[in-house]
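As a plain string of letters, each chain reads:
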Amino acid sequence: MLRNSRLMLLAVVVLVAGCAGPRPGAPGGTTKGGEPTVRVLVLSTHGQATIATTGAFRIQSLGGTLLTSAQGGTVTVQRDGRSLQARLDANGQSAASEDDLVVVPSATGISVGGTWYGGVVRVHAGDGGDIELINELGLESYLEGVVPHEIGEPGADAYAAVQAQAVAARTYALSRMRKNSARAYDVEAGVADQVYKGREKQSRLAAAAVRDTRGTVLVYKDELCDTYYSATCGGHTSDIRVVWPDRRNAPYLHGALDRGADGPSFCSSAKNFRWRYTFSGRELGTMFRQTLPPLLGVPAARVGELVDLRIDGRTESGRVRSLDIVTTTGTYRVDSDKIRRAIMLDVQRGRILPSTLFDIEKVVSDERVGRVSIVGGGNGHGVGMCQNGALGMARLGYSYSMILNHYYPGTSVQAAY
C-alpha cells in the first residue's frame, strides 16, 4: 500500500498516457509533471451560450486563431447546422468554423453561466443540434473544484477523509477518461459523474488534500478501480451486482459492514443515518401515477388506485431488492435503486428516496393502505466508499489509505504520475 510503489503500475501509466493525448485546437493532453488534461462538460444547450473572461483571450479552431481580444469581455456562441459561430460582444467581430472552437484566456479564469473555471473552454457541436461547452484543464485543478463539493469542509480532524475523497475522485476521473476517450468529453460536471463547480468554492483543506495525494490512484489487479461513492451507507455498503447489474462487477464493490471490530457504524453520526417519511395512501397513489410511467413504461391511467405496498426480498446489506406496488389495476414491481425514483419525497423538485435500506409501517383501512411510513437509513446508492463513514474513520485516527482499503477491500494505492 506504499504510495511510491511502482509494482503493478505499468498498466495504469499506459492508461493515463493513452487517454490524455493532445486534442486538436486545444492545449496538449498533459501538463508539467505528466498531469493529464480532463475534459468536463459544464453546459449543454440548444440555444446560444455566453462565455466571459476578465483579461485578454483568443478564439481558435483546428485551423488556427480566428479572433483575439486584448481585454476581457463576453463571447456569444451559437450554432448554424454543423457550423459554430462566435461573436465578440464588445465590438461585434465574429467568426465561424465547422470545427470545435476553443476560448483560451491569457492567464485569468473563464466563466460559463456565472461559474468561473481554470483552463480553457471548448465549444463542440453535439448531437441533436446542441452546443456543448467543455472545460479542459489539468486533472489536479479539476479535483480542487470537485472535492469540496463532494465531501464538504469537515475540519482538520477529518483530513484523512478529504484525502481519501481526492484519491477516489482522481481514480474515477481517470477511469472515465479511458472509457470516454473517443467522445467529446470525459465527465459531466454534475451528479451523473462528480459534482464540479470550478473555482466557485475555494477550500484550503481540499486543495491540500489534492496536493498531498497528487497523482495517487486506487488500483485492483493492474487496473484503475471503479471508485463509486455515496453520502451515507446506513451501516452496510451495497453490492454493485444488485444495485447496478449492468455495470462492471468487481469484488471490492460487493458490500461490507461499515464498522470496526467494536463500536457503532462509522457513519452513525450522519444526518441521514436514520430517517422516517410518512405518506397517506392517496398521496402515494398520486405519486405512483407520476413516477411509474417513466420507470416502467406504463400509461399513468393504467396505474390505478393504491391498494398495498409489499417488500419482496432483501439484499445481504438489508436493502430492499424488490418492491411490489399493488393497485386496483394490477401489481407493479420495481427493483433495486429504481425504488428510490418510485417513492419520491418531492416529485416536482426531483427529490428521491434517500436509499433502499428501509422498512414499511402501514395502517390499513377498508382493505387499502391509509397511511404508510417509510422507515430507513442511509443516503445514496451505497456502493463503494461511504463519505460520512470516511469522515468517522478519519476522526478515529485512520489514514486515508486505511479508509480506502476498508471501502474498496483488496485494492492498493499507487502513483499514476
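Not measured: the values here are computed from a predicted model. (Residues numbered from 1 in each chain as written. Predicted model: local features only at pLDDT ≥ 70, side-chain atom pairs only at ≥ 80, totals over all residues. Heavy atoms only, no water.)

A. Structural view of the pattern of salt bridges. Enumeration according to the criterion identifies 21 salt bridges in this entry. Taking the shortest distance from any N to any O, the salt bridge between Glu35 and Arg214 comes out at 3.5 Å. Placement of the pair is Glu35 in the loop between α1 (10-19) and β1 (37-45) and Arg214 in the loop between α5 (204-212) and β14 (216-220), with a sequence separation of 179 residues. A relative accessible area of 8% places Glu35 in the buried class. Overall, Arg214 belongs to the partly exposed group, its relative accessible area being 30%. One salt-bridge network, in which partners are shared between bridges, spans Asp100, Arg122 and Glu136. (Salt bridge = Lys/Arg side-chain N within 4 Å of Asp/Glu carboxyl O. Helix = DSSP H or I, 4+ residues; strand = E, 2+ residues; numbered from the N terminus. Buried < 20%, exposed > 50% of the residue type's maximum accessible area, 1.4 Å probe, protein only.)

B. Examining the nonpolar core more closely. Among the nonpolar cores identified, the biggest contains 84 residues, and Leu133, Tyr142, Met385 and Tyr408 are the most heavily contacted of them. The residues touching Met385, leaving out its near neighbours within four places in the chain, are Ala164, Gln165, Ala168, Tyr228, Tyr229, Ser230, Ala390, Ile403, Leu404, Tyr407 and Tyr408. Formed by 25 residues, the second largest nonpolar core is a distinct cluster that contains Tyr332, Leu345, Leu353 and Phe358. (Core = buried A, V, L, I, M, F, W, Y, C linked by side-chain atoms within 4.5 Å. Contact = heavy atoms within 4.5 Å.)

C. Highlighting the sheet that holds strand β3 (residues 57-61). Pairing is mixed in the open sheet, where 7 strands are placed in the order β4-β3-β8-β11-β12-β1-β13. For this open sheet the edge positions go to β4 (64-69) and β13 (187-188), each flanked by a neighbour on one side alone. Note that strand β8 (residues 101-105) and strand β11 (residues 120-125) share 3 bridges and pair antiparallel. Residue pairing in the sheet places Val102 in a bridge with Arg122 of β11. (Pairing = 2+ DSSP bridges.)

D. Structural detail: the packing of helix α10 (residues 387-395) against helix α11 (residues 400-407). Interaxial distance between α10 and α11 falls to 10 Å at its minimum, and their mutual angle equals 140°. Considered as vectors, α10 and α11 are oriented oblique to each other. Every pair of crossing elements has a handedness; the one defined by α10 and α11 is right-handed. Note on element contacts: α11 touches α10 through Met402, Ile403, His406 and Tyr407, opposite Gly389, Ala390, Met393 and Ala394. (Axes fitted to C-alpha atoms, helices over the stretch in contact; angles between N-to-C directions. Parallel < 35°, antiparallel > 145°, perpendicular 65-115°, else oblique. Left-handed = near helix turned anticlockwise from the far one by under 90°.)

E. Examining the sheet that holds strand β23 (residues 358-365) more closely. If you trace the 3 strands from one edge of the open sheet to the other, you get β17-β24-β23, paired in antiparallel fashion. The open sheet is flanked by β17 (275-280) and β23, the only strands paired with a single partner. Taking each pair of neighbouring strands and ignoring which way they run, the sheet shows an average axis angle of 15°. As defined by bridge partners, β17 adjoins strand β24 (residues 368-376) across 6 bridges and the pair is classed as antiparallel. Note on β24: the bridge partner recorded for Ser280 is Arg371. This element, helix α7 (residues 281-296), spans β17 and β24 of the sheet and lies at about 90° to β17.

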